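One letter stands for each residue in the lines below.
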Amino acid sequence: MAFLEELAADTADVIPLQVGAQSVVLLKHPSLIQQLLVADAAQTDKGRTAERELFFAFLGEGLLNVRGDAHRRQRRLMLPGFHRNRLAGYATTMTEQAEIISNS
């Protein structure tokens, strides 16, 4: 958990990491994430390698690691949850939960 807290506190938009023998990059800025997962989705290889097999086993066949028609289908299913009206409602819940956690 401390490692994740350190990553969250890091102010860099791009954080290079070493995960075992694999070099990875953590993108934190929303525009970079949008560029990778939406604008460049067709060019982004989300294929499996031996080093990433555990990652895929953990996340399953979710939006982050599927391609093509399956990605588009899952993305469309999630879109209503990110509508402007819905996001406004989430803010209250997130604020309440953050206060609960900070008071623990």
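All figures in this text were calculated on a predicted structure; none of them were measured in a lab. (Residues numbered from 1 in each chain as written. Predicted model: local features only at pLDDT ≥ 70, side-chain atom pairs only at ≥ 80, totals over all residues. Heavy atoms only, no water.)

1. Section: the overall build of the protein
For step 1, the next point in the chain: Scanning the protein from terminus to terminus reveals 5 helices and 2 strands.
For step 2, the next point in the chain: Ordered by position from the N terminus, the helices and strands of the protein form the series α-β-β-α-α-α-α.
For step 3, the next point in the chain: Expressed as a percentage of the 104 residues in the protein, the buried residues total 11%.
For step 4, the next point in the chain: At a minimum sequence separation of 6, the contacts of the protein that also span at least 24 residues come to 8%.
For step 5, the next point in the chain: Roughly 8,400 Å² of accessible area belongs to the protein as shown, and the carbon and sulfur atoms make up 61% of that amount. (Helix = DSSP H or I, 4+ residues; strand = E, 2+ residues; numbered from the N terminus. Buried < 20%, exposed > 50% of the residue type's maximum accessible area, 1.4 Å probe, protein only. Contact = heavy atoms within 4.5 Å. Areas by Shrake-Rupley, 256 points an atom, 1.4 Å probe, with all protein chains shown as cover.)

2. Quick look at the pairing of strand 2 (residues 22-27)
For step 1, the next point in the chain: Here strand 1 (residues 14-19) pairs with strand 2 via 6 bridges, running antiparallel. Bridge assignment links Val-14 to a residue of strand 2, and that residue is Leu-27. (Pairing = 2+ DSSP bridges.)

3. Quick word on the layout of surface pockets
For step 1, the next point in the chain: One number sums up the size of the second largest pocket: a volume of about 320 Å³.
For step 2, the next point in the chain: What lines the second largest pocket is a set of 12 residues, and nearest its centre among them are Leu-37, Val-38, Leu-63, Arg-75 and Phe-82.
For step 3, the next point in the chain: Of all elements in the fold, only helix 2 (30-39) and helix 4 (68-78) reach the threshold of two or more residues within the lining of the second largest pocket.
For step 4, the next point in the chain: Looking at the lining of the second largest pocket element by element, the count peaks at 4 residues for helix 2.
For step 5, the next point in the chain: Looking at the lining of the second largest pocket, its residues break down into 8 nonpolar, 2 polar and 2 charged. (1 Å grid on protein atoms, 1.4 Å probe; cavity = no way out; pocket = protein on both sides within 12 Å on 5 of 7 lines; lining within 4 Å. Points joined across faces, edges and corners; volume = space filled by probe spheres on them. Nonpolar A, V, L, I, M, F, W, Y, C, P; charged D, E, K, R; others polar.)

4. Side note on the environment of Asp-10
For step 1, the next point in the chain: Mapping Asp-10 onto the fold places it in the loop between helix 1 (2-9) and strand 1.
For step 2, the next point in the chain: When the C-alpha atoms of Asp-10 and Lys-28 are compared, they prove to be 9.3 Å apart, with 18 residues separating the residues in sequence.
For step 3, the next point in the chain: Setting aside residues up to four positions removed in sequence, Asp-10 forms contacts with Ile-15 and Lys-28.

5. Quick word on the pattern of salt bridges
For step 1, the next point in the chain: By the definition in use, this model includes 1 salt bridge.
For step 2, the next point in the chain: With a closest N to O distance of 2.6 Å, Asp-69 and Arg-72 form a salt bridge. Placement of the pair is Asp-69 and Arg-72 together in helix 4, with a separation of 3 residues, close to one helical turn. (Salt bridge = Lys/Arg side-chain N within 4 Å of Asp/Glu carboxyl O.)

6. Some remarks on a nonpolar patch on the surface
For step 1, the next point in the chain: Judged by side-chain polarity, Met-78, Phe-82, Leu-87, Tyr-90 and Met-94 come together as a nonpolar surface patch covering roughly 500 Å² of accessible area.
For step 2, the next point in the chain: Broken down by element, the nonpolar patch gets its largest block of residues, 3 residues, from helix 5 (residues 84-102). (Patch = residues over 30% accessible without salt bridge, like charges linked within 9 Å, V, L, I, M, F, W, Y side chains within 5 Å.)

7. Points about the confidence of the model for the protein
For step 1, the next point in the chain: Scored by pLDDT, the protein comes out at a mean of 83, with 89% of its residues at no less than 70.
For step 2, the next point in the chain: Model confidence for the protein, summarised as mean pLDDT per element, is weakest for helix 3 (residues 53-59) at 70 and strongest for helix 5 at 89. (pLDDT = per-residue confidence, 0-100.)

8. Let's talk about the environment of Val-24
For step 1, the next point in the chain: You can see Val-24 is positioned in strand 2.
For step 2, the next point in the chain: Leaving out residues up to four positions away in the same chain, Val-24 has contacts with Ile-15, Pro-16, Leu-17 and Val-19.

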